[in-house]
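A structural walkthrough
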Amino acid sequence: MEIRDRYAPSPTGLQHVGGVRTALFNYLFARSGGGKFILRLEDTDRLRSEDVFVQNLYDTFAWLGFAWDEGPDVGGPCAPYIQSQRFEVYKKYAHELVGRGRGYYCFCSAERIDKIRQEREAAHSSESGYDRHCRHVPPEEASRRASAGEPCTVRLKIPLGEKPGDEPSTKFYDLLLGDIEWKNKDINPDPVLLKSDGFPTYHLANVVDDHLMEITHIMRAQEWLPSVPLHVILYDSFGWVPPAFCHLPMVMGQDGKKLSKRHGATSIDEFRRQGYLPDALINYIALLGASYEEGKDIYTLDELVQRFSTEKLNTAPAVFDYKKLEWYNGQYIRMKSDTELSGLTLNIAVGAGLFGAPGQRPDSAQQALYTAAMPLVKERAVFLTEIPEKLRYLFADPAMPAKEEFFPKKADLGVTVELLSKARAVIRSLAEACSDDEAEALIKAFAEKEGLKLGDLMMPLRVAVTGARVSPPLFGSLRLLGAEKSLARVDRVLEGLK
Ligand code: GLU
Ligand code: ZN
């Protein structure tokens, strides 16, 4: 049997970690078995669904770099893949269910439904939901009234016992959670499948589509588990075999509560703006609720495809660890080539005005310098966004820091000026050295000859050249700036200090 699974988001919000985890696991599962991964838009809630969220979905996955085999944008044999374009289908099946005696027309007004709720509330009743009033309208009468145009919904008839004492239940098997059984009396009493305006509810559209789209596996977040008994009854009522179910562990914050904005970024947009790489996010998200037990942290998408199986899934909730994600991002930044990293951060640099006014693109010399500077920041960077700012000093003379910034430990102004004047003598040879090692050997020898501490010699020089005590590596900076510029900066500082 070919695996067919799907991601079925409702476009009512930005794509977030949880949704992407569901999509990714479905993608990996389908790919690992040579099957098909499908995107279906569940936009039956016309009030909450918005085009911007559909666009956000496409943008997010284009950026993440994995895609579905069938879907609204790419088509496929089960098109359309947008539920709002399939309303006629749901209507047909809802009426078919009534014909099979497994659903019924309900003529209750919204006011009546509301009144029941209020009365129960007043009586502190534990009962909830519909009172099954119209379940007892004789079918011929109900059909006649519905055909005559009386407003009605279609409800699912949850099987109840034939005789008193019967307690039917609904069983299903979850690939991860095992056998599950729900008493039918605990299932939403005869939920609406088709509303009076002809719109389907989630339950109807979801089940009909999973059947018609020949979905073999439903892999989704555990919060959907309570819908399963109802869906199983619905499949059965149509005479269909349900797909296999696999409910993924919840994603929690460090405090054990469901991951939410209170914990930090959750939308992929936000991570992207913060300077995360798509491959780092994918790698991290792929481990939320799955383990591959290889003592390995870094997996490419292909490696994940090769390894994924439902046996690798955990039942325990996954904890979203922002620090670990940062670590991943740093690792992925280090794996990029200089050209890639420069390309990935160039627009940020342009926006930050590294090459002139904000928005100004680099000329070819600036572009080359920018790319050549990547090794200076690559080893330490955690976010793409921090890279341009760290390199600003290469493109414009830094502002003159306060005098004390130049002072090595225990040194005063006089000593500092002397140290910097001495260092000036080796700047040319440092800038023209071929490597960090060569530069280091040079300055060490010089310090020894002068009887100076290496740190004392380097501190004022670093501040003069880069504008800060904490900066990217000094030798690399000197090489990129060149002897003339470096000397000019030191001279300007010497002037300023005196
Ligand atoms: N439309 C539901 C959602 O927004 C789909 C749940 C499911 O996968 O069945 O997540
Ligand atoms: Zn009714």
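Cut-off values and rules
Residues numbered from 1 in each chain as written. Chains lettered and ligands numbered in written order. Predicted model: local features only at pLDDT ≥ 70, side-chain atom pairs only at ≥ 80, totals over all residues. Heavy atoms only, no water. Helix = DSSP H or I, 4+ residues; strand = E, 2+ residues; numbered from the N terminus. Rg over C-alpha atoms; globule rule 2.2 N^0.38 Å. Buried < 20%, exposed > 50% of the residue type's maximum accessible area, 1.4 Å probe, protein only. Contact = heavy atoms within 4.5 Å. Lys, Arg positive; Asp, Glu negative; His and termini not counted. Charge placed at Lys NZ, Arg CZ, Asp CG, Glu CD. Near = heavy atom within 4 Å. Polar contact = N/O pair within 3.5 Å; in protein donor to acceptor, adjacent residues only side chain to side chain. Areas by Shrake-Rupley, 256 points an atom, 1.4 Å probe, with all protein chains shown as cover. 1 Å grid on protein atoms, 1.4 Å probe; cavity = no way out; pocket = protein on both sides within 12 Å on 5 of 7 lines; lining within 4 Å. Sits in = over half its atoms within 2 Å of the grid points. Nonpolar A, V, L, I, M, F, W, Y, C, P; charged D, E, K, R; others polar. Core = buried A, V, L, I, M, F, W, Y, C linked by side-chain atoms within 4.5 Å. Donors = N, O, S within 2.8 Å, 3.2 Å for Na, K, Ca; no water. Tetrahedral: all angles 85-135°; square planar, octahedral: opposite > 155°, others 65-115°. Expected span 1.5 Å × (residues − 1). Arc of directions from axis to C-beta. Phe/Tyr/Trp six-rings, centres within 6.5 Å; stacked < 30°, edge-to-face > 60°. Lys NZ or Arg CZ within 6 Å of the ring centre and 35° of its normal. Pairing = 2+ DSSP bridges.

Along the backbone of the chain there are 20 helices and eleven strands. For the chain, whose C-alpha radius of gyration is 32 Å, the value lies well above the compact-globule estimate of 23 Å for 498 residues. For the chain, the C-alpha atoms occupy an extent of roughly 105 × 45 × 45 Å along the three principal directions. Looking at the 498 residues of the chain, the share that counts as buried comes to 49%. Contacts spanning at least 24 positions in sequence make up 75% of the contacts within the chain whose residues lie at least 6 apart. Where the 63 positive side-chain charges of the chain centre and where its 70 negative ones centre are 2 Å apart.

Along the chain, P72 turns up in the loop between α2 (51-64) and α3 (87-99). Note: C-alpha distance between P72 and I38 (34 residues apart in sequence) is 9.3 Å. Not counting residues up to four positions away in its chain, the partners in contact with P72 are L39, L41, Y58, Y81 and I82.

Around ligand 1, the structure places R6, A8, S10, E42, Y202, N206, R220 and W224. Here a nitrogen atom of ligand 1 and a backbone polar atom of A8 are 2.9 Å apart. Separating a nitrogen atom of ligand 1 from a side-chain N or O atom of E42 is a distance of 2.6 Å. For ligand 1, the accessible surface in isolation is 300 Å², of which the surrounding protein chains cover 85%. A molecule is said to occupy a pocket when more than half its atoms come within 2 Å of that pocket's grid points, and by this definition ligand 1 occupies the largest pocket. A breakdown of the residues in the shell around ligand 1 according to their chemical character gives three nonpolar, two polar and three charged.

With that out of the way, let us pick up the environment of L346. Turning to its location among the elements, L346 is positioned in helix α12 (residues 338-351). The buried category is assigned to L346, whose relative accessible area is 10%. A C-alpha to C-alpha distance of 8.9 Å links L346 and P362, two positions 16 residues apart in sequence. When sequence neighbours within four positions are dropped, the list of residues in contact with L346 reads F355, R361, P362, Q367 and Y370.

Bringing the nonpolar core into the picture now. By size, the foremost hydrophobic cluster in this structure holds 105 residues, and its most contacted members are L24, F320 and Y370. Broken down by element, this core gets its largest block of residues, nine residues, from helix α1 (residues 17-32). Non-local contacts of F320, meaning those with residues more than four positions away in its chain, are made with V17, V251, M252, Q254, L259, F271, Y284, L288 and L325.

A word on the coordination of the zinc ion (ligand 2). Looking at the zinc ion (ligand 2), the protein donor atoms are C106 (SG), C108 (SG), Y130 (OH) and C134 (SG), and they sit 2.0 to 2.3 Å from it. Between the four donor atoms coordinating the zinc ion (ligand 2), the angles at the centre fall across 98 to 122°, so the site counts as tetrahedral. Linear spacing of the donor residues for the zinc ion (ligand 2) on their chain is C-x1-C-x21-Y-x3-C. Side by side, C106 and C108 carry an identical accessibility label, which is buried.

On to the side chain of T416, then. Considering the arrangement of structural elements, one finds T416 in helix α16 (residues 413-432). The residues touching T416, leaving out its near neighbours within four places in the chain, are F406, F407, P408, A411 and P460.

Along its 15 residues, helix α20 (residues 483-497) runs 21 Å from first to last C-alpha, staying within 8% of the 21 Å computed at 1.5 Å per residue. Within the span of α20, buried status applies to A483, S486, L487, R489, V490, V493, L494 and L497. The buried residues of α20 occupy one face: seen down the axis, they fall within an arc of 160°. In α20, the exposed positions angled more than 90 degrees off the buried face are occupied by E484 and E495. Among the structural elements, α16, α18 (454-466) and α19 (474-481) are those in contact with the buried residues of α20.

Geometry of an aromatic ring pair is reported as the spacing of the ring centres plus the angle between the planes. Taken as a whole and assessed by the stated rule, the structure comprises 27 aromatic pairs. Where F238 meets W240, the ring centres are 4.2 Å apart and the plane angle is 15°; that geometry is what we call stacked. Across this residue pair, the class does not change: F238 and W240 are buried. Three or more aromatic residues link up through ring pairs in this structure, and these residues are F271, Y276, Y284, F320, Y322, W327, Y328 and F383. The aromatic ring of F25 is capped on one face by R21, whose charged end is 5.5 Å from the ring centroid. For K324, the ring lying beneath its charged end belongs to W327, and the centroid distance is 5.1 Å.

Covered by surrounding structure in strand β4 (residues 153-156) are T153 and R155 together with V154 and L156, the residues of both alternating faces. Alignment of strand β3 (residues 103-106) against β4, held across four bridges, turns out to be antiparallel. The residue bridging C106 from the neighbouring strand is T153, located in β4. When β4 meets strand β7 (residues 192-194), the two strands line up antiparallel, connected through two bridges. Paired with V154 across the strands is L194, a residue of β7.

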